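# Analysis of the macromolecular model
These are the residues of each chain, in order.
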Amino acid sequence: MILKLANKYRNIVVLSSGTTGTQVCDEFAKFFPNRYFTFGEAERNIASASAGFALRGKMPVIVADNDFLTGAFEQVRDDICESNLNVKIIITGGGLDEKKLADLLPNTKVYSGMGADDLESIFFEYGPAIVFV
């Protein structure tokens, strides 16, 4: 899904924590090593770096697990959402109250249960988005 979009949109960059280790990140890193960035367990740095990428015209896609939003909530809210930056966050796993999350993060659309084919639709809308897959 991300690989197809990365071929279509050359400004996509993927940021992940070292603990993510999903197949998506592994494949992306293999095909686009200069557009893939891993930060280890520095969730706050990922959020702030993605804001910087967005300000420079890139479309950052953060791939993380639920712990990312817990560890980097203030940076996501302050650096990404309040600034209405075009950052997409893909969360693997559920367990968070998505409606409450949407209320806490300004300018942010929250999606749940999207299939790989539906994922492209969020890239057409400018602004922060969180997708639970």
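Our structure is the block above this text.
First things first, this report covers the structure right here in the doc. (Residues numbered from 1 in each chain as written. Predicted model: local features only at pLDDT ≥ 70, side-chain atom pairs only at ≥ 80, totals over all residues. Heavy atoms only, no water.)

## Some words on the overall build of the protein
- On a plain count of helices and strands, the protein comes out with 6 helices and 6 strands.
- Counting from the amino terminus, the protein carries its helices and strands in the arrangement α-β-α-β-α-β-α-α-β-α-β-β.
- Over its C-alpha atoms the protein spans a radius of gyration of 13 Å, differing by no more than 12% from the 14 Å that the globule rule assigns to 133 residues.
- Its C-alpha atoms give the protein principal-axis dimensions of about 35 × 30 × 30 Å. (Helix = DSSP H or I, 4+ residues; strand = E, 2+ residues; numbered from the N terminus. Rg over C-alpha atoms; globule rule 2.2 N^0.38 Å.)

## Points about unusual backbone geometry
- The backbone phi angle of Asn-84 is positive, close to 55 degrees, even though this residue is not glycine.
- Counting through the fold element by element, Asn-84 comes out in the loop between α5 (73-81) and β4 (88-92).
- Phi angles above zero are rare outside glycine, and Asn-107 is one such case at about 65 degrees.
- Structurally, Asn-107 is set in the loop between α6 (98-104) and β5 (109-112).

## Topic: the environment of Phe-123
- Inspection of the secondary structure assignment puts Phe-123 in the loop between β5 and β6 (129-132).
- With a relative accessible area of 6%, Phe-123 lands in the buried category.
- In this structure the C-alpha to C-alpha distance between Phe-123 and Thr-70, which are 53 residues apart in sequence, comes to 24 Å.
- Beyond its immediate stretch of four places on either side in the chain, Phe-123 contacts Leu-5, Ile-12, Met-59, Val-61 and Lys-88. (Buried < 20%, exposed > 50% of the residue type's maximum accessible area, 1.4 Å probe, protein only. Contact = heavy atoms within 4.5 Å.)

## A short note on the state of the cysteines
- Tallying each qualifying case throughout the model produces 0 disulfides.
- No disulfide involves Cys-25; its sulfur sits 20 Å from the nearest other cysteine sulfur, which is in Cys-81.
- The buried category is assigned to Cys-25, whose relative accessible area is 2%.
- Cys-81 sits in the buried class, given a relative accessible area of 1%. (Disulfide = S-S within 2.5 Å.)

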